[in-house]
Amino acid sequence: MNHVFKATVLSRALLLALVAPTAFAQVATPDGSADALPEPKQLDTVVVQAEIAYRNRTPDIAPVLSYDLEYFQRFEPATVGDMVKRLPGAAFVGSDIMEYDGVQLRGLGGGYTQVLINGKQVPGAGDDRSFWVDRIPAEMVDRIEVLRSNSANRSGDAVAGAINIILRDAYEFDGGYLRIGANRWDDGEVNPTLGAVASGEALGGRILGGINVQDRYRGKTKRSDRFSDPSMEELVSWEDQAEVKDGRDYSGNVSWTADVGETGRLSIDGFYVKTDRDVTEVSFEEEYDDGEVITANVPGLATVDQQNWGIGVEYKFDMAGGTTEIDLDHARFEDKSMESEEAHAYVDGAWDESEAERLDIDASDAESSLKLAHKRSLGAAEMELGIDYRSKKREIDHAYYEFAAENEGDPVVYEPDTMVGSLIEETRIDPYLMFSGGAGALAWEAGLRYETTDSDIESSQDGDTIRVSKDYGELLPSLHLKWDLTDADRISLSLARSIKRPNFNELIPALLDGEYGDNDYIGNPELDPETANGLDLGYERRLGKRGVVGINFFYRDVKSLIELVNTGEPSEEMQDAWEDMVEDGEYATVEEAMAAEPADSWLFTSANVGDGKVYGVEFDLSTPLTAFGMDNTGVFMNYAYIKSDVDDFMGERRFNNQARSAFNVGFIQDLPTLAASFGVSYRKQGDAYERIVGEEVTIRYGKDLEAFVEKRFGDNVSLRLTASNLLDASKDEVFHKFDTIDDQLARNHDEYELETEEAGPSYQLVMRWAF
């Protein structure tokens with residue numbers, strides 16, 4: 001009996017319980033509706049902030065940190081990435097300087113950190129199933145939640161936790177505002193930004209709409225120095241590069257909500273984000289080889305054309321003694337991009353060769369989901385049962401082209417090189433059952449979720465096609481306890497099991513020549529998911545009426561860790577070398593060549609071979625200084641210290657690309673008599689390290705300092721000037737490169753490289769007008 005069939009049987013049992021006649025008391029609010037309607041927040045209070053905003057203290061039993069848009073808004077974030085970077089334990093490793101795309105909670109890569117929009121999963125560009133948070137403009141957001149542990153009513157693929165981006169809702173806001181601004185970058189470039197939001201009664205309910213158009217620009221310089229080994233006695237080559245990312249993002253969101261009958265409520269919401277961007281690179285390289293000086297001009301161009309959109313319908317109504325919820329959602333990511341690079345080389349000033357490569361990307365990732373859930377009272381407790389159905393189709397085609405000139409100045413005419421395509425289809429049926437309740441100061445939540453995945457994987461390369469199927473299921477229990485010691489003090493304990501599905505590129509059985517130094521790589525469609533047993537233990541204290549301070553200890557025991565392994569098969573380059581030896585007459589057969597010249601490069605794949613541990617502590621503080629007589633001064637600080645243990649082919653290391661720490665501190669000073677305010681924010685992210693076959697990298701980011709000054713005009717207009725990257729932070733990387741594993745173990749370097757990139761400070765002036 002396969003896992004999907006078993007899940008279907010369980011789901012039918014849950015649905016039978018959902019619709020069965022019952023004598024349980026109906027869950028209803030005093031007005032008789034499924035949920036009480038909140039009073040809409042006036043948008044002029046959002047636009048013209050008279051008070052400093054702090055972290056919310058939520059009533060959730062599971063550990064949740066909640067931050068309204070107003071918490072971030074004084075520093076005028078452009079995207080959700082600019083907001084998330086201020087959250088406890090959030091890091092960005094691999095992002096370019098001053099860019100915040102792939103978020104990592106607890107320093108774990110995008111595949112371990114779940115990103116939700118309105119509590120729902122959305123497809124993204126990352127091969128590790130991640131969603132780039134810099135694609136969502138800050139103006140679309142109501143609040144951001146950090147979900148530190150799993151609950152049964154939410155997808156369990158969040159080993160490190162989840163970032164839940166709650167978009168503005170029609171019932172939450174009333175009124176409208178306009179946002180107009182301009183950014184000035186360090187190279188003198190100036191570009192505009194424009195946004196508008198409006199909400200009110202319409203079509204028998206309430207409707208909210210927002211649009212945002214912003215030019216996205218980033219100019220940076222990069223320097224690389226390459227040596228023969230870490231002694232840096234022999235400079236092998238160097239490179240200077242200038243890069244400009246210039247484009248425009250268009251986005252919009254809409255929300256409509258209406259009451260249906262006496263207890264029902266229907267909500268429809270949607271969002272759309274389009275990214276158009278050109279990335280131009282101009283590099284100059286100089287290499288020294290046996291007394292010769294080889295120089296190269298290396299121009300590069302990439303065009304980015306990406307779209308994210310989603311639409312959802314939610315209907316809640318009282319039924320069978322409780323409240324039933326039906327959710328139907330569809331989301332899609334599309335990418336039609338191109339990357340190209342030319343290299344024109346000269347030896348001692350004389351033309352030697354001109355080569356070029358181009359990659360065309362045509363990708364789409366679509367997800368559709370249906371959720372049925374029912375809540376009802378069960379004695380002194382509440383029961384929730386439901387089923388989540390999700391269907392994913394991810395299709396990517398990569399077309400590679402190449403060019404080699406016969407004479408200097410020949411125009412670049414690309415010829416097809418190879419075509420690689422992949423199609424991954426996944427079907428999930430995830431039933432769950434959850435109970436919650438309380439007794440005095442103690443509240444509890446316990447649940448079980450059974451997650452299934454039925455996948456079909458197809459890979460094609462130059463006409464050759466491979467098709468593989470794989471299915472698996474995992475039971476994910478969770479338990480949360482919340483103990484209110486006093487009205488101000490709270491202790492929370494969470495135990496939960498989570499899952500990380502394999503990265504898409506790890507599943508595709510396409511041969512990648514020279515992916516790791518001289519070693520090849522092929523994906524493994526038979527991979528099982530990683531699982532993790534997790535613990536979170538936290539303490540939180542309310543400070544006065546608005547402040548809050550908390551500390552949290554976390555631990556994750558990761559099983560079936562996916563790592564690179566040697567298949568034992570020689571690489572394509574090694575096999576070609578043996579065949580050449582036979583053709584040249586050095587040996588009579590390939591077998592003789594193999595015996596005389598043993599392989600030193602191999603074919604690698606991914607496999608479930610090990611375990612890992614992640615643990616650390618997170619601290620956060622957000623409070624006015626009322627105790628010191630400074631009610632108009634707000635301070636915030638958070639710090640996360642992270643450790644981990646993994647064994648690989650060389651021994652023990654941390655999880656790859658895991659930042660050691662993340663630190664934020666700052667203050668906001670309001671000046672009520674002047675209707676003005678100012679503030680400063682400082683951020684520092686710890687070093688990260690990655691070790692794979694053929695390469696080891698250490699990544700360091702510099703200190704980030706931001707400041708703002710604001711002037712308010714009446715109740716409807718504000719003018720705000722912000723400055724970012726005032727310390728001119730750099731991203732510095734150290735590369736140890738090797739041809740083979742034997743070289744890596746012996747520390748026999750092929751190359752040792754130092755690379756640094758900088759972008760300079762930037763300034764933004766924004767006016768907001770509420771109407």
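We now turn to the structure provided with this report. (Residues numbered from 1 in each chain as written. Predicted model: local features only at pLDDT ≥ 70, side-chain atom pairs only at ≥ 80, totals over all residues. Heavy atoms only, no water.)

One finds Val-80, Val-84, Leu-87, Ile-136, Ile-163 and Ile-165 to be the most contacted residues of the largest nonpolar core, which totals 50 residues. Here this core gets four residues from one element, more than from any other, and that element is strand S27 (residues 630-648). Once residues lying within four places of it in the same chain are set aside, the contact partners of Leu-87 are Tyr-67, Phe-72, Ile-144, Val-146, Ile-163, Asn-638 and Asn-664. Counting 14 residues, the second largest nonpolar core, distinct from the first, contains Ala-91, Val-93, Tyr-701 and Ala-759. (Core = buried A, V, L, I, M, F, W, Y, C linked by side-chain atoms within 4.5 Å. Buried < 20%, exposed > 50% of the residue type's maximum accessible area, 1.4 Å probe, protein only. Helix = DSSP H or I, 4+ residues; strand = E, 2+ residues; numbered from the N terminus. Contact = heavy atoms within 4.5 Å.)

Mapping Glu-314 onto the fold places it in strand S14 (residues 292-319). On the basis of relative accessible area, Glu-314 is assigned to the partly exposed category, the value being 22%. Distance from Glu-314 to Asp-329, taken between C-alpha atoms, is 8.6 Å for residues 15 residues apart in sequence. In this view, Glu-314 contacts Arg-265, Leu-266, Ser-267, Glu-325, Ile-326 and Asp-327; residues no more than four positions away in its chain are not counted.

On inspection of all chains with the given rule, the structure shows 74 salt bridges. When the shortest N-O distance is used, the salt bridge between Lys-392 and Glu-367 registers 2.6 Å. Taken together, the residues Lys-392 in strand S17 (residues 381-404) and Glu-367 in strand S16 (residues 350-378) connect sequence positions 25 residues apart. In this structure Lys-392 comes out as buried when scored by relative accessible area, which is 9%. We note a salt bridge from Asp-388 to Arg-449, for which the minimum N-O separation is 2.8 Å. Highlighted residues: Asp-388 in strand S17 and Arg-449 in strand S19 (residues 442-461), separated in sequence by 61 residues. Assessed through its relative accessible area of 14%, Asp-388 is described here as buried. Residue Arg-449 is classed as buried on the basis of its relative accessible area, which comes to 2%. Where salt bridges share partners, they join Arg-74, Glu-76, Glu-139, Arg-179, Asp-670, Glu-710, Arg-712, Arg-720 and Arg-768 into one cluster. (Salt bridge = Lys/Arg side-chain N within 4 Å of Asp/Glu carboxyl O.)

As a further point, take the sheet that holds strand S5 (residues 113-117). Sheet architecture is open: five strands sit in the order S2-S7-S8-S5-S6, paired in mixed fashion. The sheet is open, and its two borders are formed by strand S2 (64-68) and strand S6 (120-121), each paired with just one other strand. The pairing of S5 with S6 spans two bridges and is classified as antiparallel. Looking at the pairing, Leu-116 lines up with Gln-121 of S6. (Pairing = 2+ DSSP bridges.)

Moving on, we get to helix H6 (residues 572-583). Counted at 1.5 Å a residue, the expected span for H6 with its twelve residues is 16 Å, and the 17 Å between its end C-alpha atoms agrees. For H6, the full list of buried residues reads Met-574, Trp-578 and Met-581. One side of H6 carries all its buried residues, which in axial view fall inside an arc of 60°. Buried residues along H6 sit in contact with strand S25 (547-570) and helix H7 (590-596). (Expected span 1.5 Å × (residues − 1). Arc of directions from axis to C-beta.)

Attention now moves to the pairing of S19. On any regular strand, side chains alternate: one points to one face of the sheet, the next to the other face. Note: strand S18 (residues 415-439) against S19, 16 bridges, orientation antiparallel. Bridging across to S19, Val-420 finds its partner in Gln-461. For S19 and strand S20 (residues 464-484), the ladder comprises 20 bridges, and the chain directions are antiparallel. Each bridged residue has a counterpart across the sheet, and for Ser-460 the counterpart in S20 is Thr-465. In textbook terms, the turn of a hairpin is the stretch between consecutive antiparallel strands, and for S19 and S20 this stretch comprises two residues, one of which, Asp-462, has a positive phi near 55°.

One pass over the full model with this rule turns up 14 cavities of 30 Å³ or more. Roughly 510 Å³ of volume is contained in the largest cavity. Contributing to the lining of the largest cavity are 31 residues, with Ala-78, Asp-82, Met-98, Trp-185 and Arg-218 lying nearest its centre. Of the pockets and cavities examined, the second largest cavity occupies roughly 340 Å³. Gln-121, Val-122, Arg-129, Asp-157 and Glu-367 are, among the 25 residues lining the second largest cavity, the residues nearest its centre. Of all the secondary-structure elements, those providing two or more residues to the lining of the second largest cavity are S5, S16, S17 and S18. (1 Å grid on protein atoms, 1.4 Å probe; cavity = no way out; pocket = protein on both sides within 12 Å on 5 of 7 lines; lining within 4 Å. Points joined across faces, edges and corners; volume = space filled by probe spheres on them.)

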